[in-house]
Amino acid sequence: MAGHETHYIMPRAEFDKSVKLLIVVSPYYKDIADNLVAGAAAEIEAAGATYELIQVPGALEIPTAIAIADRTSNFDGYVALGCVIRGETTHYETVCNDSSRAIQLMGLQGLCIGNGILTVENRKQAEVRADTADQNKGGGAAAAALHLIALTRKWGDQTKGIGFKAPSEAYRIAGTDNGSTSA
C-alpha cells in the first residue's frame, strides 16, 4: 500500500494573460467533493486564475459536461473532480474506466483537463486523497490543468518552422479572391 512518499511537485504555472477554468464536480460523496473543490479553487486562485463551478450527478457525466462546455463556452481548461469508491459490483470498473478514458481522449484532442476523479477502494482512502492538508488531489488536478494551459499558450503562437502547423485560417484555396467582389 502506498504511504506518504515524497514526490516532486512542479513550480506553479505562471501566466501573463488571464486564465479561466471550469471545475466540473460530481458531489455524489459531498464531503469528499467539497474538499476536492476547495483544493482546486485554492490552486487556481494562487495562480491568479478564475473559475466557474458546475455539478453533475456522477463521474460518468463529468466528461460529457466538459465536452458541452468546450463546444459552447470559452474556458481555457477544465478540472474534473469526483470520487468512485469500489462497491460489490463491476459498476466500479465501468465508471472508473469510462470516465478516465473519455477525459484522456479529450486531452489528446487538445483540451487542457486536470483529472481529479478519485478511484479508491474505501472511504478512508478518498478522505486522505481529498484532504487539502494531506494529498490534496483537487489542488493537483487544478495544477495539472494550469500546466497544460501554459504549454498550450507557449506553443500556440508558434506556427512557423519545422514541426508546427499553421492555423486553419492560414490555408487558402488557389484562385480565391479573399472575399472581394467583382462587378
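Rules used in this analysis
- Each chain has its residues counted from 1, following the order in which its sequence is written.
- Whole-chain, interface and lining totals are the exception, using all residues; otherwise, since this is a predicted model, local features are given only for residues with pLDDT of at least 70 and side-chain atom pairs are given and counted only at 80 or more.
- Side-chain descriptors were evaluated using all non-hydrogen atoms of the structure, hydrogens and water having been removed beforehand.
- Strands here are runs of E lasting at least two residues and helices are runs of H or I lasting at least four, both read from the DSSP assignment and numbered beginning at the N terminus.
- Accessible area is worked out with a 1.4 Å probe on protein chains only. A residue is then buried under 20% of its type maximum, exposed over 50%, and partly exposed in between.
- The accessible surface values rely on the Shrake-Rupley method and a 1.4 Å probe; as for residues, cover is taken only from the protein chains in view.
- By the convention used here, residues are in contact when the closest approach between their heavy atoms is within 4.5 Å.
- Pairing of aromatic rings covers Phe, Tyr and Trp, the last through its six-membered ring, and needs centres within 6.5 Å; plane angles under 30 degrees mean stacked, over 60 mean edge-to-face, and all others mean tilted.
- The criterion for strand pairing is that DSSP finds at least two bridges linking the strands in question.
- Axes here refer to lines fitted to C-alpha atoms; in helices the fit is confined to the stretch in contact. Angles between the N-to-C directions go from 0 to 180 degrees.

Regarding its fold elements, the protein chain presents five helices and four strands. The order of helices and strands in the protein chain, counted from the N terminus, is β-α-β-α-β-α-β-α-α. Put simply, the protein chain has 183 residues, and 34% of those count as buried. Accessible area of the protein chain: about 11500 Å², with a carbon and sulfur share of 53%.

Here we take up the environment of Leu148. Within the fold, Leu148 resides in helix H5 (residues 137-156). On the basis of relative accessibility, which here comes to 33%, the residue Leu148 falls in the partly exposed class. Each C-alpha atom of the pair Leu148 and Asp76 lies 9.6 Å from the other, and the pair is 72 residues apart in sequence. The residues contacting Leu148, other than those within four sequence positions of it, are Cys112 and Ile113.

What follows covers the packing of aromatic side chains. Enumeration over the complete set of coordinates arrives at two aromatic pairs. Judged by centre distance (5.0 Å) and plane angle (80°), the ring pair of Tyr28 and Tyr29 falls under edge-to-face.

A word on the sheet that holds strand E3 (residues 77-85). Remark on secondary structure: sheet strands pair via backbone hydrogen bonds, oriented parallel or antiparallel. With parallel pairing, four strands are arranged side by side in an open sheet as E2-E1-E3-E4. Edge positions in the sheet fall to strand E2 (50-55) and strand E4 (113-120), since each has one partner strand and no second. On average, each strand axis in the sheet is inclined to that of its neighbour by 15°, with strand direction left out of account. Taken together, the eight bridges between E3 and E4 define a ladder with parallel strand orientation.

This brings us to the pairing of E3. Extensive coverage of E3 is indicated by the burial of nine of its nine residues. Covered by surrounding structure in E3 are Gly77, Val79, Leu81, Cys83 and Ile85 together with Tyr78, Ala80, Gly82 and Val84, the residues of both alternating faces. Alignment of strand E1 (residues 20-25) against E3, held across five bridges, turns out to be parallel. Bridge pairing in E3 links Ile23 to Val79.

Here the focus is the environment of Arg129. Relative to the helices and strands, Arg129 is located in helix H4 (residues 123-130). Separated by 97 residues in the primary sequence, Arg129 and Ile32 place their C-alpha atoms 8.8 Å from one another. Look past the residues within four positions of Arg129 in its chain and what remains in contact with it is Leu118, Val120, Gln135, Asn136 and Lys137.

Interpretation note: all reported values are geometric properties and have no functional meaning in isolation.
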